[in-house]
Amino acid sequence: MGILIKALALNERVRVYLANTVDITNEAIKRHDLWPSAASVLGKTMTIGVMMGAMLKGDEALTIKIDGNGPIGNVIVDADAKGNVRGYVGREHVHFDKKNMIDDVTTLGCNGYIDVIKDLKLKDLFTSSIPIQTGDLAKDFTYYFAASEQTPSLISLGSYFAVNGFAEVFGGILIQLMPNATEDDINYLESKVELLSSFSKLLTTYPQQENILKLIFGENFHIIETKEIQFNCDCSKEKFAGGITSLGKEEIYDMIATDHKAEVVCHYCKEVYHYNEEELKELLKYAKGNNKNEIN
Ligand SMILES: [Zn+2]
């Protein structure tokens, strides 16, 4: 479990999201057996996802899909307004570093697109897509907020991995200017860019997240929400049964004849669901297509 703080600062002309995602990232490492630079890219995408999720309300949700044409393949993250986030990558066993630093850019690639799909519980999904600028997720999402949401933002992400491959610190901050922000606010935030640039150091030095806000804004901020965030997948045996049913009767007869069972693995959380012959026969009742005696 992690903590996300939502705050207003600089006389409410600036909105801040601050997330500690070390547990979320380590849960993903455990479930997906991620190598460090794959963990760094997925963890950072989940960190941005969970902060964007905090901008939603009720049952609204969003999906981030990144395809940089790099060794990691696609990066998919789902997040919602309730602090749930889940995600997976195309290839878990990739790792690149440069001068002993994890190399996100090489891992992700920088020749492709970032898609953000929002389900605002309206008739249509709201999708926006931007070309990847650098492969550095903090910079690319800064560009996303400016280009797609017309919101000037400052994003910093930080991570530090232990030798055992798990994250020791992980998190991010997203600072957004409200429409009434002034030139002075912009200058003030620019003077903090250097401080924010080594965000992993801030997370290490200030385990109490509120103290990071104090360091940036002095006393000129107030917290409007502190919420728990977690890696949480809502998959279930029933949901995947629906997926099997939708394959149609012929496919299910085939599974029964060949394997007498079926096994489904959830992409997002790697949970494995087993269906025995009896259960598959039950699903036949709801599947479309011809019954076996009608096929021959
Ligand atoms: Zn799942």
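Residues numbered from 1 in each chain as written. Predicted model: local features only at pLDDT ≥ 70, side-chain atom pairs only at ≥ 80, totals over all residues.

K.L.:
Mind showing me how you'd approach the nonpolar core here?
P.N.:
General note: in soluble globular proteins, nonpolar side chains tend to be found buried as a group. Ranked by size, the top nonpolar core spans 68 residues in total, and within it V16, L42, V50 and M51 carry the most contacts. Take this core: its biggest share by element is 9 residues, from helix α2 (residues 36-53). Here V50 is in contact with L4, A19, T21, A79, G83, V85 and I229, once residues within four sequence places are set aside. Within the second largest apolar cluster, 6 residues are counted, among which are I252, Y275, L280 and L283. (Core = buried A, V, L, I, M, F, W, Y, C linked by C-beta atoms within 7 Å. Buried ≥ 20, exposed ≤ 12 C-beta atoms within 10 Å, placed from the backbone. Helix = DSSP H or I, 4+ residues; strand = E, 2+ residues; numbered from the N terminus. Contact = placed C-beta atoms within 7 Å.)

K.L.:
So what exactly am I meant to see when it comes to the packing of helix α1 (residues 22-32) against α2 here?
P.N.:
Two elements in contact, α1 and α2, have axes separated by 9 Å at closest approach and are oriented at 135°. Classed by the angle they form, the pair α1 and α2 counts as oblique. Two packed elements cross with a definite hand, and for α1 against α2 that hand is right-handed. Of α2, the residues touching α1 (which contributes I24, T25, A28 and I29) are A39, L42, G43 and M46. A class-by-class count of the residues in the contact of α1 with α2 yields 6 nonpolar, 2 polar and no charged. (Axes fitted to C-alpha atoms, helices over the stretch in contact; angles between N-to-C directions. Parallel < 35°, antiparallel > 145°, perpendicular 65-115°, else oblique. Left-handed = near helix turned anticlockwise from the far one by under 90°. Nonpolar A, V, L, I, M, F, W, Y, C, P; charged D, E, K, R; others polar.)

K.L.:
Mind showing me how you'd approach the sheet that holds strand β9 (residues 126-131) here?
P.N.:
Two pairing modes exist for strands in a sheet, parallel and antiparallel, and in both the strands are linked by backbone hydrogen bonds. One open sheet accounts for 10 strands, arranged β9-β8-β3-β4-β5-β12-β1-β2-β11-β10; its pairing is mixed. Of all strands in the sheet, those bounded by a partner on one side alone are β9 and β10 (153-161). If you compare each strand with its neighbour and ignore which way they point, the axes differ by 15° on average. Sheet strands touched by α1: β1 (2-9), β2 (14-20), β5 (84-89), β11 (167-177) and β12 (221-231). Its angle to β11, the strand with the most contacts, is close to 125°. (Pairing = 2+ DSSP bridges.)

K.L.:
Just to check I follow, could you spell out the domain arrangement of the chain for this structure?
P.N.:
Put simply, an interface is often sized by how much accessible area is lost when its parts join up. Considered domain by domain, the chain is made up of domain 1 (2-231) and domain 2 (237-295). Domain 1 and domain 2 are separated by 38 Å when their C-alpha centres are compared. Taken residue by residue, the interface counts 5 residues in domain 1 and 4 residues in domain 2. For the side of domain 1 that touches domain 2, the secondary structure elements donating two or more residues are α1 and β5. The element best represented in the side of domain 1 that touches domain 2 is β5, accounting for 3 residues. Grouping the constituent residues of the side of domain 1 that touches domain 2 by class yields 1 nonpolar, 2 polar and 2 charged. (Domains from an automatic or database assignment.)

K.L.:
Sorry if this is basic, but what is going on with the pairing of β12 here?
P.N.:
Two faces, one strand: in a regular strand the side chains alternate between the faces of the sheet. Taken together, the 8 bridges between β1 and β12 define a ladder with antiparallel strand orientation. For L4, the partnering residue across the bridge sits in β12 and is K227. Note: β5 against β12, 2 bridges, orientation parallel. When the bridges of β12 are listed, V85 appears paired with F231.

K.L.:
I'm lost on unusual backbone geometry in this one. Help?
P.N.:
As a rule of thumb, non-glycine residues mostly have phi less than zero, and peptide bonds are mostly trans rather than cis. Unusually for a residue other than glycine, D33 sits at a positive phi of about 50°. For D33, the location among the structural elements is in the loop between α1 and α2. Residue class for D33 comes out partly exposed when judged on the 13 C-beta atoms lying within 10 Å of it. Backbone geometry places N69, a non-glycine residue, at a positive phi of 55°. Take N69: it is sitting in the loop between β3 (61-67) and β4 (74-80). On the neighbour-count criterion, N69 (15 C-beta atoms within 10 Å) is partly exposed.

K.L.:
When you look at the environment of A162 in this model, what are you seeing that I'm missing?
P.N.:
Structurally, A162 is set in the loop between β10 and β11. On the basis of neighbour count, A162 is assigned to the exposed category, with 10 C-beta atoms found within 10 Å. As a C-alpha pair, A162 and L189 span 27 residues in sequence and 31 Å in three-dimensional space.

K.L.:
It is not clear to me how the pairing of β2 should be interpreted in this structure. Could you clarify?
P.N.:
Within β2, 7 of the 7 residues are buried, leaving the element largely enclosed by the surrounding structure. With burial as the criterion, each face of β2 is covered, one bearing V14, V16, L18 and N20 and the other bearing R15, Y17 and A19. For β1 and β2, the ladder comprises 7 bridges, and the chain directions are antiparallel. Each bridged residue has a counterpart across the sheet, and for L4 the counterpart in β2 is A19. Counted between consecutive antiparallel strands, the loop separating β1 from β2 contains 4 residues, among which L10 sits at a positive phi close to 50°. Where β2 lies against β11, 7 bridges are found, and the strand directions are antiparallel. For A19, the partnering residue across the bridge sits in β11 and is G172.

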